[in-house]
2 protein chains.
Amino acid sequence: MILADLLITGVAEAATLAHGPVPRIGIAAGELSRIPDAAVAVEGGRFVYVGPERGVSRKVRLRPGGRRFDAAGGTIVPGFVDAHTHVLFAGDRAFELPWKAQGMDYSEIARRGGGILSTVRATRRATREQLLRETGQRLAAMARAGTTAAEVKTGYSLTPGGEVELLRLVPVLAQRTGLRLVPTFLGAHAVPPEYRGRPDAYVDRLIRKSLPIIAQERLAKFVDVFCEPGFFSVRTSERLLRAAHSVGLGTKVHADEFVRSGGARLAARRGARSADHLLAANVDDVRALAHAGVTAVVLPATAFGSTSARRSPARELLDAGVAVALGTDCSPNSWVESMPLAVSLAVHGGRLSPAEALTAATVNAAHAISLEEAGTVEVGRPADFSVFPVPTADHVGYRYDVRPSVVFRQGNAISSRTLRQ
Amino acid sequence: MILADLLITGVAEAATLAHGPVPRIGIAAGELSRIPDAAVAVEGGRFVYVGPERGVSRKVRLRPGGRRFDAAGGTIVPGFVDAHTHVLFAGDRAFELPWKAQGMDYSEIARRGGGILSTVRATRRATREQLLRETGQRLAAMARAGTTAAEVKTGYSLTPGGEVELLRLVPVLAQRTGLRLVPTFLGAHAVPPEYRGRPDAYVDRLIRKSLPIIAQERLAKFVDVFCEPGFFSVRTSERLLRAAHSVGLGTKVHADEFVRSGGARLAARRGARSADHLLAANVDDVRALAHAGVTAVVLPATAFGSTSARRSPARELLDAGVAVALGTDCSPNSWVESMPLAVSLAVHGGRLSPAEALTAATVNAAHAISLEEAGTVEVGRPADFSVFPVPTADHVGYRYDVRPSVVFRQGNAISSRTLRQ
């Protein structure tokens with residue numbers, strides 16, 4: 001008899017995403033691991049039973065004081081893993097909307113005082129407590145939408161010391177919100193005003209001042225770089241990534257978002273954990289990623305927010321044999337906290353099947369941020385999952401931005417909706 | 001002293017949308033009626049105080065047993081009015097997604113057994129209770145996202161009697177969900193299989209069999225028609241609209257969605273309450289709508305769900321002097337329940353300001369479905385409103401699909417999120 005402190009019954013379908021290779025490439029609808037009429041049991045924060053509801057009472061015994069939860073015909077999916085966020089910032093950029101409505105692009109908005117450097121000013125001015133409070137509210141909204149783990153990039157301080165201080169906030173945020181957070185050092189998010197025209201001098205400082213502390217104190221899992229004209233060249237980016245590898249840090253690349261600038265090739269050449277965005281990548285770039293085994297992180301909500309008609313190349317990447325992961329890219333430029341929105345955009349605009357999109361938002365996203373334990377509903381794994389009020393997991397991508405009834409992190413409900421009078 | 005049974009304080013901003021003409025055209029960000037640091041009081045389901053929090057204790061007295069609610073620095077906006085929904089149906093069309101992923105269009109999907117007629121089969125087969133339950137779940141999800149009033153179209157029975165029976169379900173749904181629902185007769189949603197190739201014969205039947213009952217029993221406020229090649233011609237549509245007017249019913253037109261077929265001109269000529277979709281309307285059509293005072297209902301989530309790159313012409317309509325309203329267009333083809341998603345799509349893709357989009361989603365939408373009391377936060381009006389966890393109303397459009405902390409309908413909380421263990 002299995003002892004449990006939480007038992008969930010009344011589950012129309014459990015999408016377990018179990019028993020497959022990680023990362024997964026090109027999972028079709030029929031291949032998604034599913035259990036119809038399921039039950040799930042949790043003990044000490046981990047799954048101890050994932051299987052049919054029929055006969056569960058003979059296999060699982062709820063401890064005295066244990067909780068029983070009726071999913072009321074809903075569907076269980078693994079907690080979402082948001083593989084790419086810029087969620088750690090202060091202030092907002094609602095003031096840019098009239099400019100965007102006029103069709104101004106990223107660089108024109110930057111010239112008028114908007115863009116990344118505007119948020120850098122707000123973040124440098126903010127107190128530690130303000131940063132924690134504002135970022136914590138965003139992370140809580142992510143959790144309500146079904147996210148249980150997320151990557152958190154720095155990048156809005158843009159001084160070698162300030163960027164390290166941002167990294168130190170990530171464990172505090174994890175503790176306050178109950179989310180698993182993976183810190184990424186994105187000191188090379190933009191060239192700070194103090195180094196205008198001298199990106200190499202700035203990257204030198206990051207390599208000499210920031211990386212040793214990060215490596216020594218294990219403050220980040222990854223080093224990322226914004227490899228794009230006007231930001232950091234391929235050559236400069238490569239220098240930073242080499243330095244990161246040499247001190248034992250993983251790497252990521254903001255690659256080929258605006259123009260085809262060589263970021264995907266760089267990620268493939270350096271064996272980065274992921275290449276992210278890829279809107280302008282061509283078929284050769286995609287082949288290089290597939291050959292190098294680099295995971296592609298696609299961010300369909302970012303294209304939704306831009307005035308361009310470009311769509312995330314999720315389908316093309318999958319068809320070429322690249323493992324695809326999803327993220328929100330939450331930032332002051334595209335303030336999206338909902339992974340279900342990213343999933344439905346990947347389906348409706350990115351032409352993934354609901355099963356492929358769900359895989360990208362869970363197991364593959366976990367792989368993209370080296371969180372191999374997360375992203376599946378399997379015995380022995382952490383009990384991070386959501387109950388969605390839909391009859392099958394396909395409906396999470398079919399419907400637009402459906403939200404969960406309840407989200408569990410290590411077996412504890414971190415969000416739900418109930419009537420309040 | 002004003003007596004109240006509900007008092008809300010701690011409101012960073014109340015977007016009242018009060019004291020203006022209805023419908024509203026081209027409201028810019030600065031013109032939105034806003035009260036910073038506000039309080040709101042309700043008595044008997046209607047607002048009795050809407051003003052600054054400062055001094056409210058000298059003006060408003062909470063009754064014994066009355067409820068006090070702290071908005072915690074959130075923003076009050078009027079309950080959303082969803083001006084266009086096909087929410088009354090059975091089943092789903094998730095099976096079409098692989099076809100959509102291959103780029104098939106609406107008519108090709110219909111030829112393969114998908115499309116409207118697939119949902120017609122499911123709806124004809126469904127029991128009354130199944131229809132009420134499935135539709136009620138969608139309406140409940142809409143309410144959780146901040147909608148307090150919605151239009152509900154028929155159109156998935158496609159027999160003169162069945163369409164009337166669908167109308168009879170709308171008051172039952174209103175009673176079960178607590179939403180204000182406005183029924184629209186869309187018997188002319190598609191040509192039913194029994195009348196293939198004979199749209200005029202079908203419309204004759206609707207005019208002779210359905211309209212008299214609808215008019216006599218006041219079952220619908222509007223008659224709508226799908227005026228598009230392959231559905232109903234301008235001439236046939238016009239015959240139906242004339243008949244509707246002659247029995248005292250209002251009219252709406254599904255106009256110029258796929259091709260420029262003359263629907264907007266028809267709406268202008270017949271003085272319809274609204275012309276809806278308008279993706280293919282040209283500048284002359286838009287001028288005709290402006291001249292005739294027809295409200296345009298734009299549905300940006302529908303374009304999001306299609307594989308085409310077409311955007312809702314919200315900006316062009318507003319600039320031409322047309323009052324713009326918003327809806328979700330929730331249907332089995334684009335299953336979207338969230339008005340905040342429609343608002344953020346109107347801002348980011350449709351190039352409206354957040355204030356314009358909010359106006360379109362509230363007062364203008366109320367006008368589009370003749371619900372003139374709804375859509376504002378004003379003393380004497382029904383207390384239908386939401387508290388969003390954002391510092392200003394602009395953030396509802398700036399952020400992507402932000403959801404309310406709590407939604408009130410006639411002063412009663414119909415949804416909230418609270419922690420549940």
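Just so we're clear, the structure is a prediction, and the values are computed from it rather than from any experiment.

Colleague: Just checking my understanding: could you explain the overall build of chain A for this structure?
Modeller: Looking only at helices and strands, one finds 16 helices and 15 strands in chain A. Taken over C-alpha atoms, the radius of gyration comes to 21 Å for chain A, in line with the 22 Å a tight globule of 421 residues would show. The principal-axis extent of the C-alpha atoms belonging to chain A is close to 70 × 45 × 45 Å. By the burial criterion, 63% of the 421 residues in chain A qualify as buried.

Colleague: Please explain the packing of aromatic side chains as it appears in this structure.
Modeller: Each aromatic ring pair is described using two quantities: the centre-to-centre distance and the angle formed by the ring planes. Residues and elements named next belong to chain A. Taken as a whole, this structure holds 24 aromatic pairs over all chains when the rule is applied. Each ring, one from phenylalanine 69 and one from phenylalanine 408, has its centre 5.6 Å from the other, and the planes form 85 degrees; the classification is edge-to-face. Here phenylalanine 69, found in strand S4 (residues 60-78), pairs with phenylalanine 408, found in strand S14 (residues 406-409); they are 339 residues apart in sequence, far enough to count as distant. Like phenylalanine 408, phenylalanine 69 is buried. For the ring pair phenylalanine 226 and phenylalanine 258, a centre distance of 6.2 Å and an interplane angle of 50 degrees mean the geometry is tilted.

Colleague: Explanation requested: helix H10 (residues 283-292) of chain B in the structure shown.
Modeller: Note: α-helices contain 3.6 residues per turn, so residues at a spacing of three or four share the same orientation. Residue and element names in this part refer to chain B. Considered for burial, the residues of H10 that qualify are Asp285, Val286 and Leu289. One side of H10 holds all its buried residues, which, seen down the axis, span an arc of 100 degrees. Residues Val283, Arg287 and His291 are exposed on H10 and point more than 90 degrees away from its buried face. Of the surrounding elements, those touching the buried residues of H10 are helix H9 (263-270), strand S10 (274-277) and helix H12 (314-319). Where H10 begins, the capping side chain belongs to asparagine 282, and its oxygen is found 2.9 Å from the backbone nitrogen of aspartate 284.

Colleague: Explain the pairing of strand S13 (residues 385-388) of chain A here, please?
Modeller: Taken residue by residue, a regular strand's side chains alternate between the two faces of the sheet. Residues and elements named next belong to chain A. Residues Phe385 and Val387 of S13 are buried on one face, and the alternating residues Ser386 and Phe388, pointing to the opposite face, are buried as well. Bridge count between S13 and S14: 3 bridges; the pairing is antiparallel. By the bridge assignment, serine 386 is partnered in S14 with valine 407.

Colleague: Please explain the sheet that holds strand S8 (residues 222-227) of chain B as it appears in this structure.
Modeller: Backbone hydrogen bonds are what pair the strands of a sheet, in a parallel or an antiparallel way. Residue and element names in this part refer to chain B. If you trace the 8 strands from one edge of the open sheet to the other, you get S5-S6-S7-S8-S9-S10-S11-S12, paired in parallel fashion. Strands at the two margins of the open sheet, each flanked by one partner only, are strand S5 (80-82) and strand S12 (324-326). Pairs of neighbouring strands in the sheet enclose a mean axial angle of 25 degrees, with direction left out of account. In this sheet, strand S11 (residues 295-298) lies alongside S10 in parallel orientation, the contact comprising 3 bridges. Residue pairing for S11: serine 274 is matched across the bridge by threonine 295. Across the sheet, H9 touches S8, strand S9 (250-255) and S10, and the angle it forms with S9 is around 165 degrees.

Colleague: Help me understand the confidence of the model for chain A in this model?
Modeller: Residues shown with low pLDDT carry predicted positions that ought not to be read at fine detail. All names here are of chain A. With 94% of its residues at a pLDDT of 70 or more, chain A has an overall mean of 92. Within the model, the stretch residues 416-421 combines pLDDT values under 50 with 27 contacts to residues more than four positions away or in other chains. Listed scores for the predicted complex are pTM 0.95 and ipTM 0.94.

Colleague: Explain the environment of proline 193 of chain B to me, please; I cannot follow it from the model alone.
Modeller: Residues and elements named next belong to chain B. Along the chain, proline 193 turns up in the loop between strand S7 (180-188) and helix H7 (199-217). Overall, the relative accessible area of 42% leaves proline 193 in the partly exposed class. Remark: the alpha-carbon pair of proline 193 and glycine 66, spanning 127 residues in sequence, is separated by 56 Å. Apart from the residues within four sequence positions on either side, proline 193 is in contact with Leu117 and Arg124.

Colleague: What should I look at first to understand the sheet that holds strand S7 (residues 180-188) of chain A in this one?
Modeller: All names here are of chain A. Strand order across the open sheet formed by 8 strands is S5-S6-S7-S8-S9-S10-S11-S12, with parallel pairing between neighbours. If you trace the sheet from one side to the other, it starts and ends with strand S5 (80-82) and strand S12 (324-326), each paired once. Averaged over neighbouring strand pairs, the angle between their axes works out to 25 degrees when direction is ignored. Contacts from helix H6 (residues 160-177) reach strand S6 (147-153) and S7, with the element oriented near 170 degrees to S7.

Colleague: It is not clear to me how the pairing of strand S8 (residues 222-227) of chain A should be interpreted in this structure. Could you clarify?
Modeller: All names here are of chain A. Within S8, 6 of the 6 residues are buried, which leaves the element mostly enclosed by the surrounding structure. As judged from the 3 bridges shared by S7 and S8, these two strands associate in the parallel manner. Residue pairing across strands places threonine 184 opposite phenylalanine 222, the latter belonging to S8. Between S7 and its parallel partner S8, the chain crosses via helix H7 (residues 199-217), and the hand of that crossover is right-handed.

Each value, and the rule that gives it
- Per-chain numbering applies: the sequence of each chain, read as written, is numbered from 1 onward.
- Numbering of ligands from 1 and lettering of chains from A proceed in the order in which they are written.
- Reporting in this predicted model follows two pLDDT cut-offs: at least 70 for local features of residues, and 80 or more for side-chain atom pairs to be given and counted; totals over whole chains, interfaces and linings ignore these cut-offs and use all residues.
- Note: side-chain values were computed over all heavy atoms of the structure, leaving out hydrogens and water.
- Here a strand is any run of E in DSSP of at least two residues, a helix any run of H or I of at least four, and the numbering for each starts at the N terminus.
- C-alpha atoms define the radius of gyration in this analysis, and the globule rule sets the expected value at 2.2 Å times the number of residues to the power 0.38.
- The cut-offs for exposure are 20% and 50% of the maximum accessible area for each residue type, with area from a 1.4 Å probe on protein chains only; residues under the lower value are buried, those over the upper are exposed, and the others partly exposed.
- Any two of the Phe, Tyr and Trp rings considered here, Trp counted by its six-membered ring, make a pair once their centres fall within 6.5 Å; the pair's planes then place it as stacked at under 30 degrees, edge-to-face at over 60, or tilted in between.
- Relevant arc is that of directions from the helix axis to the C-beta atoms, nothing else.
- Contacts were defined at the residue level, with two residues in contact if any of their heavy atoms lie within 4.5 Å.
- Contacts described as polar in this section are N or O atom pairs within 3.5 Å, which, within protein, must combine one atom able to donate a hydrogen with one able to accept it, while residues neighboring in sequence count only if both atoms come from side chains.
- DSSP calls a pair of strands paired once it identifies at least 2 bridges connecting them.
- Interaxial angles span 0 to 180 degrees and are taken between N-to-C directions of axes, which are lines fitted to C-alpha atoms, for helices over the stretch in contact.
- For every residue, the predictor assigns a confidence score, pLDDT, that lies between 0 and 100.
- The handedness rule is simple: strands pointing away from the viewer, and a clockwise path from the first strand over the helix to the second, make the crossover right-handed.

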